[in-house]
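# Architecture and fold: a report
Each chain, letter by letter, is given below.
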Amino acid sequence: MTIPSDSEAASLDSGHVRLHELGYKQELKRDLSVISNFALTFSIISVLTGISTLYNTGLNYGGPVSMVYGWLVVCIFTMLVALSMAEICSAYPTSGGLYFWSAKLAGPQWAPFASWITGWFNIIGQWAGTTSIDFSLAQLIQVIILLSTGGKNGGGYVASKYVVIAIHGGILLLHGIINSLPISMLSLLANFGTVWNVVGVVVLIILIPSVATKKASAKFVFTEFNTDNGVGINSRPYIFVLGLLMSQYTLAGYDASAHMTEETKRSDINGPKGIISSVGISIVFGFGYILGITFAVTDIPYLLSQDNDAGGYAIAQIFYMTFKKRYGHGFGGIMCLVIIAIAIFFCGMGSVTSNSRMAYAFSRDGAMPLSSLWHQVNKEEVPINAVWLSVLISFCMALTSLGSMVAFQATVSIAVISLYVAYALPIFFRVTLAAKHFQPGPFNLSRYGIIVGWVAVIWVVLISVLFSLPVSYPITIETLNYTPIALGCLIILIVSYWIISARHWFKGPLTNTEN
């Protein structure tokens with residue numbers, strides 16, 4: 001392996017030097033600043049995306065109490081996960097991110113299997129996440145069209161499942177084209193996406209309560225607990241736990257900062273900054289958004305009813321009804337939905353970026369079928385084949401919605417848990433097998449690293465169990481929570497592939513610098 005000399009290192013970026021020390025050549029263009037790294041990840045987390053698309057879940061399972069206090073609970077533990085990841089990212093700033101970390105931290109004996117299982121959990125979780133994000137955008141566009149043509153009660157146009165999947169495909173196509181652009185252009189779009197998310201949240205926080213002719217009281221927002229969920233669950237603790245899904249789904253995807261480290265200047269410092277700042281700022285803006293929107297909630301059963309103008313899409317009905325009651329029409333509410341739709345578009349764009357960098361790195365180490373194809377970069381130093389692979393797989397995952405929405409939900413249900421399992425595995429190796437020999441980078445948690453790491457791992461185990469619990473009673477084929485089944489099938493596939501084939505040829509991350 002060639003390591004830059006002291007004179008060369010002095011003129012090189014610290015992340016570039018560290019990449020060489022880890023055994024990799026600089027193949028991607030290192031052109032992202034800490035702001036751009038943060039911007040991309042902040043756009044992927046996108047509180048407008050997660051909270052808006054899962055607001056129904058929050059209202060149904062506990063209502064204001066589960067959303068407001070559940071957000072605070074989830075934020076505390078998510079930040080601990082982010083801090084642990086940031087510490088490891090500082091030590092190993094590569095596009096492979098989590099699976100590379102697992103290999104280094106698990107030690108030589110366990111490195112191949114550790115990186116294999118972490119990498120597949122990560123990339124499948126990312127693909128499922130992109131599918132979910134872009135499909136939710138397609139559904140929102142469907143609702144915007146519905147409201148723009150008169151609403152459900154006014155003869156509005158209800159798009160078929162084939163139209164929705166076509167919209168989804170068009171969105172993915174645009175994301176593929178954008179992600180084929182040079183990283184400098186993608187950086188500009190990511191920065192714009194961040195500004196859009198921040199301004200959009202602020203505008204909606206101020207606008208919706210201001211326009212509303214009737215507002216919820218502070219007592220309602222901070223103490224109302226909705227048990228009228230229509231799903232046969234009456235236990236308040238159980239309902240509260242299920243309501244956490246909205247918050248935890250929103251606060252995911254921040255591993256993107258790690259996957260972009262080979263394109264980020266001073267990545268051993270700026271990668272961790274991207275992780276922590278994107279989570280921290282999302283926490284603040286997300287809490288404000290939840291409060292602002294919930295102050296406009298006055299009738300939870302009606303917002304969740306399939307018979308309202310938005311067809312049961314709670315956020316859309318809130319916006320539409322707020323403006324219609326004030327001005328006699330819902331045009332302003334539709335424009336607010338457009339703000340959210342554009343934010344989701346940037347979220348999906350960033351998700352494809354992160355997917356492609358993970359696929360590039362994983363195939364560079366020979367873990368994927370046709371690896372030599374997926375890790376190729378074009379003249380603009382973009383992993384172009386990995387971009388379109390991610391687009392294709394995300395579209396194929398969404399095709400299950402044509403057969404059954406139950407099958408589709410089972411497919412995308414693994415997004416959050418798969419990602420968090422991938423987050424937890426390197427942290428687990430950090431606090432166990434590597435507890436005594438871990439060499440931290442410039443950013444580290446000092447003596448608190450082990451404690452924070454253990455709390456992070458326990459939290460991931462807890463949410464993995466909680467999100468596998470039944471969400472409706474009695475349990476039928478239509479109401480069954482398919483998350484544990486999907487997760488179990490995923491584990492069987494990954495481990496079986498390892499036992500039957502991969503253990504004979506996959507040796508973990510491979511160096512590609514010259515000797």
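Right, let's walk through the structure included here. Counting restarts for each chain, with residues numbered from 1 along the sequence as it is written. With the structure being a predicted model, the display of local features is reserved for residues of pLDDT at least 70 and the display and counting of side-chain atom pairs for 80 or more, all residues being used for whole-chain, interface and lining totals. To get the side-chain values, take all heavy atoms of the structure and skip hydrogens and water.

### Section: the packing of helix α6 (residues 64-91) against helix α12 (residues 236-250)
- For every element, the axis is a line fit to its C-alpha atoms; helices are fit only across the contacting stretch, and the angle between N-to-C directions ranges from 0 to 180 degrees. Helix and strand definitions follow DSSP, with helices as H or I runs of at least four residues and strands as E runs of at least two, each counted in order from the N terminus. As a packed pair, α6 and α12 sit with axes 8 Å apart at the nearest point and diverge in direction by 55°. Judged by the inter-axis angle, α6 sits oblique to α12. The element α6 and its partner α12 pack so that their crossing is right-handed. The residues of α12 that touch α6, namely those facing V65, S66, M67, Y69, G70, W71, V74 and T78, are F240, G243, L244, M246, S247, Q248 and T250. In what follows, roughly perpendicular refers to angles from 65 to 115 degrees, roughly parallel to angles under 35, roughly antiparallel to angles over 145, and oblique to any angle outside these ranges. Crossing handedness is read from the near helix: turned anticlockwise from the far helix by less than a right angle, it gives a left-handed crossing, and turned clockwise, a right-handed one. Contact criterion: two residues are considered in contact whenever any of their non-hydrogen atoms come within 4.5 Å of each other.

### Digging into the environment of A111
- You can see A111 is positioned in helix α8 (residues 111-148).
- Sequence spacing of A111 and K507 is 396 residues, and the spatial spacing of their C-alpha atoms is 7.7 Å.
- For A111, the contacting residues outside a window of four places in its chain are A103 and A106.

### Focus on the side chain of R357
- Within the secondary structure, R357 is located in helix α17 (residues 331-364).
- One polar contact links R357 to S356, side chain to side chain, over a distance of 3.0 Å.
- Excluding residues within four positions of it along the chain, R357 makes contact with S95, I183, L186, H259, M260, E263, P383 and V387. Polar contacts, as counted here, are pairs of nitrogen or oxygen atoms within 3.5 Å of one another; within protein the pair requires one atom able to donate a hydrogen and one able to accept it, and residues that are adjacent in sequence qualify only if both atoms are side-chain atoms.

### Things to note about the nonpolar core
- Take the buried Ala, Val, Leu, Ile, Met, Phe, Trp, Tyr and Cys residues and link them wherever side-chain atoms come within 4.5 Å; each set so joined is a nonpolar core. Exposure is judged per residue with a 1.4 Å probe applied to protein chains only, and the accessible area is read against the type maximum: over 50% gives exposed, under 20% gives buried, and values in between give partly exposed. Y55, V81, W101, Y254, Y289 and F319 are the most contacted members of the largest nonpolar core, which totals 155 residues.
- When residues in this core are grouped by element, the largest group, 17 residues, is from α8.
- Aside from chain neighbours lying at most four places away, what touches V81 is Y254, Y420, Y423, I427, A456, W459 and V460.

### Some thoughts on unusual backbone geometry
- In the segment running from Y473 into P474, the intervening peptide bond is cis, with an omega of -5°.
- Relative to the helices and strands, P474 is located in the loop between α23 (449-466) and α24 (483-500).
- Unlike most non-glycine residues, S46 shows phi in positive territory, near 40°.
- Along the chain, S46 falls in the loop between α3 (34-45) and α4 (47-53).
- Of the residues examined, S46 reaches a relative accessible area of 0% and is grouped as buried.

### Some details on empty space enclosed by the protein
- Using protein atoms alone on a 1 Å grid, points that fit a 1.4 Å probe yet trap it form a cavity, whereas open point sets bounded by protein on both sides within 12 Å along at least five of seven lines form a pocket; residues with an atom within 4 Å of a point count as lining. Grid points are joined across faces, edges and corners, and a volume is the space filled by probe spheres set on the points. The final tally for this structure, using the stated rule, is three cavities of 30 Å³ or more.
- Considered as a void within the structure, the largest cavity measures approximately 230 Å³ in volume.
- Around the largest cavity, the lining comprises 22 residues; the ones closest to its centre are G129, I133, A252, G253 and L419.
- If you list the elements that add at least two residues to the lining of the largest cavity, you get α3, α4, α8, α12, α17 and α22 (414-431).
- Per-element tally for the lining of the largest cavity: the top contributor is α8, with five residues.

### Re the pattern of salt bridges
- Definition used for salt bridges: Asp or Glu carboxyl oxygen within 4 Å of a side-chain nitrogen of Lys or Arg. Overall, the coordinates contain five salt bridges when judged by the stated rule.
- Among the salt bridges present, the one from R18 reaches E21, with a minimum N-O distance of 3.2 Å. Of the two residues, R18 and E21 are both situated in helix α2 (residues 14-21); the distance of three residues between them amounts to about one turn of the helix.
- A relative accessible area of 37% places E21 in the partly exposed class.
- A salt bridge links R357 to E263; the nearest nitrogen and oxygen atoms lie 3.0 Å apart. With R357 in helix α17 and E263 in the loop between α13 (256-259) and α14 (267-294), this pair connects stretches of sequence that are 94 residues apart. Each member of the pair R357 and E263 is classed as buried.

In short, shape yes, function no, at least from these values alone.
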